[in-house]
Amino acid sequence: MVNVPAGVMREFQEVGRDLYQLALVTSHGGNLSVREQPGMWITGTGTMLGRLAERHISRVFPDGRSEGPQPSSDTVLHHTIYAVTGANAVVHAHPRHAIALSFETDKFVPGDFEGQLHLTDVPVVAAGPRQSEQIAALLESRLVVLLRGHGAYARGKTLWEALHWLTALEESAQIEAIRRSRRQS
Ligand code: 13P
């Protein structure tokens, strides 16, 4: 087990619990990381974000070495995001309305005020061998990016900020779904 600084651990636990309670992840889905030079703290693979404890957090170094549990299967992607953006925290979740929209478009443009204000537009990346580089490169200029049919990756100065962008995305996507269903009826 690694020794995670108390403030970082609290943020992991509170943001993880919010993600689960807001139904932005399944019981065992999603992952979180915080930059810690050199490298990062990241949730272990298969951990329950709603019930995080210190034993679920891995310390990963830039050369790929890790301490603690087996790190998230998305570790290389988090690493790439830190390498090309100024982010200090990354959240990956499965916002269901946003994922549904991602099947239909290459770019989601929120129609509601809050989404326009915060997100402007949200690119959708297709799964493939270059998805990590593409997501990381887009996160240089965007706050959140969708991976088609899979989920969203948000960056922030803190996990709280990345959570803000994820919840903004899902709120906008849900509003879009309501508007579309009204147009059809
Ligand atoms: P890990 O548990 O390996 O982080 O994967 C969770 C996930 O949601 C991948 O998309």
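Residues numbered from 1 in each chain as written. Predicted model: local features only at pLDDT ≥ 70, side-chain atom pairs only at ≥ 80, totals over all residues. Heavy atoms only, no water.

**With respect to the site of the ligand**
Here is step 1: Taken together, Gly29, Gly30, Asn31, Thr45, Gly46, Ser72, Ser73, Asp74, His92, His94 and His150 are the residues near the ligand.
Here is step 2: Ser72 is positioned such that a nitrogen or oxygen atom in its side chain is 2.6 Å from an oxygen atom of the ligand.
Here is step 3: The contact in question runs from an oxygen atom of the ligand to an N or O atom on the side chain of His92, over 3.0 Å.
Here is step 4: Considered on its own, the ligand offers 300 Å² of accessible surface; in the complex 87% of this is hidden by protein.
Here is step 5: Along the lines of polarity and charge, the residues of the shell around the ligand split into no nonpolar, ten polar and one charged. (Near = heavy atom within 4 Å. Polar contact = N/O pair within 3.5 Å; in protein donor to acceptor, adjacent residues only side chain to side chain. Areas by Shrake-Rupley, 256 points an atom, 1.4 Å probe, with all protein chains shown as cover. Nonpolar A, V, L, I, M, F, W, Y, C, P; charged D, E, K, R; others polar.)

**As for the environment of Glu171**
Here is step 1: Residue placement: Glu171 occurs in helix α6 (residues 159-184).
Here is step 2: Its relative accessible area of 41% is what places Glu171 among the partly exposed residues.
Here is step 3: Along the primary structure Glu171 and Ala98 are separated by 73 residues, whereas in three dimensions their C-alpha atoms are 8.7 Å apart.
Here is step 4: Not counting residues within four places of it along the chain, the set of residues in contact with Glu171 comprises Asp112 and Glu114. (Helix = DSSP H or I, 4+ residues; strand = E, 2+ residues; numbered from the N terminus. Buried < 20%, exposed > 50% of the residue type's maximum accessible area, 1.4 Å probe, protein only. Contact = heavy atoms within 4.5 Å.)

**A word on the pairing of strand β8 (residues 144-147)**
The side chains of a regular strand alternate, first on one face of the sheet and then on the other.
Here is step 1: Across the two faces of β8 the burial is the same, with Val144 and Leu146 and Val145 and Leu147 all buried.
Here is step 2: By the bridge criterion, two bridges tie strand β7 (residues 122-125) to β8 in an arrangement that is parallel. In the sheet register, Val125 faces β8, and the bridge partner there is Leu147.
Here is step 3: Remark: the β7/helix α5 (residues 131-138)/β8 crossover connection has right-handed handedness.
Here is step 4: In the sheet, β8 pairs with strand β9 (residues 151-156) via four bridges, with the strands oriented antiparallel. (Pairing = 2+ DSSP bridges. Right-handed = clockwise from strand over helix to strand, strands pointing away.)

**Structural notes on the nonpolar core**
Here is step 1: With 37 residues, the main nonpolar core has Phe12, Leu19, Leu32, Val144, Leu159 and Leu169 as its most contacted residues.
Here is step 2: Here this core takes eight residues from α6, the largest share from any one element.
Here is step 3: Excluding anything up to four places from it in sequence, Leu169 contacts Pro95, Ala98, Phe108, Leu119, Val122, Val144, Leu146 and Ala152.
Here is step 4: Core analysis: the second largest hydrophobic core is formed by 15 residues, Ile42, Tyr82, Val125 and Leu147 among them. (Core = buried A, V, L, I, M, F, W, Y, C linked by side-chain atoms within 4.5 Å.)

**Describing the sheet that holds strand β3 (residues 57-60)**
Here is step 1: If you trace the nine strands from one edge of the open sheet to the other, you get β4-β3-β2-β1-β5-β9-β8-β7-β6, paired in mixed fashion. Where the open sheet ends on each side, the last strands, each with one partner, are β4 (66-67) and β6 (107-108).
Here is step 2: Lying on the sheet, α6 is in contact with β1 (31-35), β5 (89-93), β6, β7, β8 and β9; it crosses β9 at an angle near 140 degrees. (Axes fitted to C-alpha atoms, helices over the stretch in contact; angles between N-to-C directions.)

**Some thoughts on the packing of helix α1 (residues 6-21) against α6**
Here is step 1: Taken N-terminus to C-terminus, the directions of α1 and α6 make an angle of 15 degrees; their axes are 10 Å apart at the nearest point. It follows that α1 is roughly parallel to α6 by the angle criterion. By crossing handedness, the relation of α1 to α6 is classed as right-handed. Between α1 and α6, the contacting residues are Glu11, Phe12, Glu14, Val15, Asp18 and Leu19 on the first element and Leu159, Trp160, Leu163 and Leu166 on the second.
Here is step 2: When the residues that make up the contact of α1 with α6 are grouped by side-chain class, the tally is seven nonpolar, no polar and three charged. (Parallel < 35°, antiparallel > 145°, perpendicular 65-115°, else oblique. Left-handed = near helix turned anticlockwise from the far one by under 90°.)

**Examining the pattern of salt bridges**
Here is step 1: Taken as a whole and assessed by the stated rule, the structure comprises nine salt bridges.
Here is step 2: The partner of Lys107 in a salt bridge is Asp121, and the shortest N-O contact between them spans 4.0 Å. A residue pair is termed long-range when its members are at least 10 positions apart, and Lys107 in strand β6 and Asp121 in the loop between α4 (113-118) and β7 qualify at 14 residues.
Here is step 3: Residue Lys107 is classed as partly exposed on the basis of its relative accessible area of 43%.
Here is step 4: Taking the shortest distance from any N to any O, the salt bridge between Arg180 and Glu176 comes out at 2.9 Å. A residue pair is termed a helical-turn pair when its members lie 3 or 4 positions apart in one helix, as Arg180 and Glu176 do in helix α6 at four residues.
Here is step 5: What makes Arg180 partly exposed here is its relative accessible area of 31%.
Here is step 6: The class for Glu176 is buried, based on a relative accessible area of 10%. (Salt bridge = Lys/Arg side-chain N within 4 Å of Asp/Glu carboxyl O.)

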